[in-house]
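# Observations on chain architecture
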Amino acid sequence: QVHLVESGGGLVQPGGSLRLSCEVSGTVFSIYDMGWYRQAPGKQRELVAAITTGGNTNYGDSVKGRFTISRDNAKKAVYLQMNSLKPEDTAVYYCNARRLRASGREYEYWGQGTQVTVSS
């Protein structure tokens, strides 16, 4: 069974930094594209950052230049370094693993989420 476990959330002041981690178990990590999503109260879940199996990255417009996604296949983990945090970054952050096979079958898994609160 595939498990994604996030950690690293918490309370931080505006302008501060946090590093989220997501550890994956129960599957071959390197074959999954990985992503971080977030959901604020009353809003839809949105993509924050994604990284492919080949290391290509993609970021949501609101976090470009401030957040960095990375992965360590040996540790079966993906990370999100968040700098220059703003109150509007406050949300529950979710780790996502996705694999689309050539047959068209899709495998997708989510973590339980970790709360990030940016407030003075």
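Source: prediction; values computed, not measured. (Residues numbered from 1 in each chain as written. Predicted model: local features only at pLDDT ≥ 70, side-chain atom pairs only at ≥ 80, totals over all residues. Heavy atoms only, no water.)

### Things to note about the pairing of strand β4 (residues 33-39)
- Pairing of β4 with strand β9 (residues 91-100), which is carried by 7 bridges, proceeds in the antiparallel orientation. Paired with Gly35 across the bridge in β9 is Asn96.
- Where β4 and strand β5 (residues 46-51) come together, 5 bridges link them in antiparallel fashion. Looking across to β5, one finds that Gly35 is bridged to Ala50.
- Counting the residues between successive antiparallel strands, the hairpin from β4 to β5 contains 6 residues, one of them, Gly42, with a positive phi of roughly 80 degrees. (Pairing = 2+ DSSP bridges. Helix = DSSP H or I, 4+ residues; strand = E, 2+ residues; numbered from the N terminus.)

### Quick notes on the environment of Ser62
- The topology assignment puts Ser62 in the loop between β6 (57-59) and β7 (67-72).
- Owing to a relative accessible area of 41%, Ser62 belongs among the partly exposed residues under this scheme.
- Along the primary structure Ser62 and Cys22 are separated by 40 residues, whereas in three dimensions their C-alpha atoms are 21 Å apart.
- Here Arg38 takes part through its side chain, which lies 3.1 Å from a polar atom of the side chain of Ser62. (Buried < 20%, exposed > 50% of the residue type's maximum accessible area, 1.4 Å probe, protein only. Polar contact = N/O pair within 3.5 Å; in protein donor to acceptor, adjacent residues only side chain to side chain.)

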